[in-house]
Amino acid sequence: MSEQATAQNTKVSETTLARDIRVIRRFDTVKRFATNKFAVVGFAFLALMVLIAIFAPVVATHSPTDQSLLTRLQEPSSDHWFGTDQLGRDVFSRVVYGARYSLFIGAGAALVGLVAGLILGMTSGFFGGWIDMVSMRIIDILLSFPGVLLAILIVSVLGPGVVNLIIAISIGFTSPVARLVRSAVLSLKNQDFVLAAISIGAGNTRIMTRHLLPNITSLLIIYGTLYFAVALLAAAGLSFLGLGAQSPTPEWGAMIGSGREYLRDASNATLFPGLAIFFTVLSLNFIGDALRDALDPRMKSSGQPMR
Amino acid sequence: MTSYILKRLLAAIPTVLGIITLVFFVLHLSPGDPINLMIPPDLPSSVRAERIDDINARYGFDQPVYVQYFQYLGNIARGDLGESLRHQEPIIDDLKRRIPNTLQLGMVSLLISATMGIGLGVISAIRHGSLTDNFTMLGALAGVSMPNFWLGLLLMLAFGLHLGILPISGYGGPVWTWEGFKHVLMPAITLGTAGAGVLARFTRSSMLDVISQDYVRTARAKGLAYRTVITRHALKNALIPIVTLLALEFGIMLAGAIVVETVFAWPGVGRYLIDGINGRDFPVVQATVMVIAIGFVLINIVTDVLYTYIDPRIRFN
């Protein structure tokens, strides 16, 4: 009886200890992240952009799509903070609403690519065999395309539009993530804790989600942030070319694309959406760098490995 | 070395075949029939049907897909990439004219990237932790974060429209002529900025790695000048991974050129692709995507060969 109680006690204290360690580690990560000034600035800016996107109708001073031929191509003024574009639309309000599209497309593409890559990499790394063979060959071929080219190919087939843009860009992320996850899983799956889980009869799904996944989350978070930045840039580029979000949609890249013909007379219609893209991507890169340093000190913060 | 190169080239054949296959089937088995991509959607239905029959007969689109696929493979093997739907000219001739232009742009961009990136990276590493270092790295990240088409428009606005020193767009002849150089400068800076940022960051960390090595300390200890140690001992070794990245950047630039060429009306492969997409010229899209992707594969091979060549540790393994 008493023996049982002691055993139970030890068990309880062990789990609380493990939890404490986890909490301390998490706190440590947050602390390391917070000491990086750039990261804090980036995080604040991104948070601001997210708030602007959510409360766009409140923040915007005009409708993003209302045209007014009387107020075309105006310089910034107290009424139109960022001036107006070639159709007399308020550039400030368009940039504000544009945050919705650009952030959604960027985050969406990064997330879809990450999840698809995770599933592909996890299954092929864990099961091996022919699944691994086939998926790795496909990934090899996909990796031989520069991401932008792959996205352009897919968009040219699917046609323009926000959802197609997300699909097109995310496919470029799937293969590098899959490869990364696969190699992580390959080295993890023979470690003692996984073998222990197998020996007490844990199922494949349980092992993958409860034992392998937690060990690669920091990797996924780092790549997710950097891919968010890459996706935002790529989406803006495709929309600029006319292959992404279409004209009345106030997506930042598309705004630059339609404003560029009036560069001489109204550079503000090109300047401000570009600044929005630039600062958002810069913030994301600040955050990504800091996360990399905070979550995995062994990874060196060198040049961006993926683009 | 030769056998290694040969081996790599042979190993690339399945990849290239994979690329051709992927591009072909993505364009053919897409939900939108390729023919639909080629015909403006606003045509009356009778004209539409006639156009569809025309195109089918001319390009063999009424054949089963696998027949078309093998025909296409055969044509490629004979150096025939098909015909542009809009100009009715062989695509291979267009590409022959345009590939050198894109390569010129890419080379100048690479030169700008390399000089700026490696230079700033070395300075940053030498003054590690200083204000200069912080500013350089901030600038490098800014370069990576900037949408290149936007940077291009800003340059155009400043140097072309306001100051009027550089031509706004177009091709002015080979880049080694004065006129050609003036034309290539803005697109090349636009295309090279992101690469310079990546290279500066990478050079810095690579240099920092090397500077802390024993042989660098030994070289300093035996009384060599700091400059000599940096250039002869440190940089030489730090350059090994940088060269790889440089080649990789060149490949990424080929893709980036798609956007930049469109901004500056540069008559290269990238602009050809975008014109093809906008003009629903589907054989052009197919051929151009394939050529760029194969170019990317070749650059990767060159990278690996270069890497084994400059790093004896790999060569002898």
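Nothing here was measured: the structure is a model prediction, and the numbers come from that model.

Reading the values: rules and limits
- Residues numbered from 1 in each chain as written.
- Chains lettered and ligands numbered in written order.
- Predicted model: local features only at pLDDT ≥ 70, side-chain atom pairs only at ≥ 80, totals over all residues.
- Heavy atoms only, no water.
- Helix = DSSP H or I, 4+ residues; strand = E, 2+ residues; numbered from the N terminus.
- Buried < 20%, exposed > 50% of the residue type's maximum accessible area, 1.4 Å probe, protein only.
- Areas by Shrake-Rupley, 256 points an atom, 1.4 Å probe, with all protein chains shown as cover.
- Lys, Arg positive; Asp, Glu negative; His and termini not counted.
- Charge placed at Lys NZ, Arg CZ, Asp CG, Glu CD.
- Contact = heavy atoms within 4.5 Å.
- Salt bridge = Lys/Arg side-chain N within 4 Å of Asp/Glu carboxyl O.
- Polar contact = N/O pair within 3.5 Å; in protein donor to acceptor, adjacent residues only side chain to side chain.
- Nonpolar A, V, L, I, M, F, W, Y, C, P; charged D, E, K, R; others polar.
- pLDDT = per-residue confidence, 0-100.
- Axes fitted to C-alpha atoms, helices over the stretch in contact; angles between N-to-C directions.
- Parallel < 35°, antiparallel > 145°, perpendicular 65-115°, else oblique.
- Left-handed = near helix turned anticlockwise from the far one by under 90°.
- Phe/Tyr/Trp six-rings, centres within 6.5 Å; stacked < 30°, edge-to-face > 60°.

As a further point, take the overall build of chain B. Along chain B, the regular secondary structure elements total 13 helices and zero strands. Listed N to C, the secondary structure of chain B is α-α-α-α-α-α-α-α-α-α-α-α-α in terms of helices and strands. Referenced to the eigenvectors of the C-alpha coordinate spread, the extents of chain B come out at roughly 85 × 55 × 35 Å. Per-residue burial over chain B gives 48% buried out of 317 residues. In the structure as shown, chain B presents an accessible area of about 15,000 Å², 64% of it carried by carbon and sulfur atoms. Across chain B, the mean location of the 24 positive side-chain charges is 16 Å away from that of the 21 negative side-chain charges.

Between chain A and chain B, the contact holds 43 residues from the first and 48 residues from the second. On the surface where chain A and chain B come into contact, there are one salt bridge. Here Arg201(B) and Asp289(A) are joined by a salt bridge, their closest N and O atoms 3.0 Å apart. Put simply, chain A and chain B have five residue pairs in polar contact (both at pLDDT 80 or more) between them. Counting only elements with at least two residues in the side of chain A that touches chain B, the list comes to α5 (129–143), α6 (147–158), α9 (204–240) and α11 (268–295) of chain A. If you tally residues by element for the side of chain A that touches chain B, the top one is α11(A), at twelve residues. Within the side of chain A that touches chain B, the residues separate by chemical class into 26 nonpolar, eleven polar and six charged.

This brings us to the pattern of salt bridges. According to the stated counting rule, one finds ten salt bridges over all chains in the structure shown. The closest approach of N and O atoms between Arg292(A) and Asp289(A), which form a salt bridge, is 2.7 Å. On the criterion of helical spacing, the pair formed by Arg292(A) and Asp289(A) is a turn pair, its members being three residues apart in helix α11. Using a relative accessible area of 14% as the deciding quantity, one classes Asp289(A) as buried. Between Asp214(B) and Arg217(B) there is a salt bridge; the shortest N-O distance is 3.5 Å. With Asp214(B) and Arg217(B) both in helix α9 (residues 214–221) and three residues apart, the pair spans about one turn of that helix. What makes Asp214(B) exposed here is its relative accessible area of 52%. Overall, the relative accessible area of 54% leaves Arg217(B) in the exposed class. Three or more residues are tied together by salt bridges with common partners; here these are Arg137(A), Asp140(A) and Arg179(A).

This paragraph deals with the confidence of the model for chain A. All names here are of chain A. For chain A, per-residue confidence averages 84 on the pLDDT scale, and 91% of positions sit at 70 or higher. Mean pLDDT in chain A bottoms out at helix α1 (residues 2–34), which sits at 66, and peaks at helix α4 (residues 91–127), which reaches 93. Low pLDDT, under 50, characterises residues 300–307; the stretch is placed with 30 contacts to residues that sit more than four places away or in other chains.

All names here are of chain A. Topologically, Val 40 is positioned in helix α2 (residues 37–54). Placed 112 residues apart in sequence, Val 40 and Ile 152 show a C-alpha to C-alpha distance of 34 Å. Not counting residues within four places of it along the chain, the set of residues in contact with Val 40 comprises Phe 33 and Ala 34.

Phi is positive for Ala265(B), which is not a glycine, with a value near 50 degrees. Summarising the element assignment, Ala265(B) is placed in the loop between α10 (226–263) and α11 (269–278).

Residue and element names in this part refer to chain B. Two elements in contact, α11 and helix α12 (residues 282–310), have axes whose closest approach is 8 Å; the angle formed by their N-to-C orientations is 150 degrees. The pairing of α11 with α12 is recorded here as roughly antiparallel in orientation. Between α11 and α12 the crossing geometry is left-handed. Listed contacts from α12 to Val 269, Tyr 272, Leu 273, Gly 276 and Ile 277 of α11 are Val 284, Val 285, Thr 288, Val 289 and Ile 292. Across the contact of α11 with α12, the residue classes tally to eight nonpolar, two polar and no charged.

On to the confidence of the model for chain B, then. Chain-level statistics for chain B give a pLDDT mean of 86 and a share of 95% at 70 or above. We note a pTM of 0.86 for the whole complex and an ipTM of 0.86 for its interfaces.

The next point concerns the packing of aromatic side chains. Inspection of every chain in the model, using the stated rule, returns 17 aromatic pairs over all chains. Ring geometry for Phe173(A) versus Tyr227(A): centroids 4.2 Å apart, planes at 15 degrees, classification stacked. Placement of the pair is Phe173(A) in helix α7 (residues 162–188) and Tyr227(A) in helix α9, with a sequence separation of 54 residues. Of the two residues, Phe173(A) and Tyr227(A), both sit in the buried class. Members of the aromatic cluster, connected to one another through ring pairs, are Phe24(B), Phe25(B), Tyr69(B), Phe70(B) and Tyr72(B).

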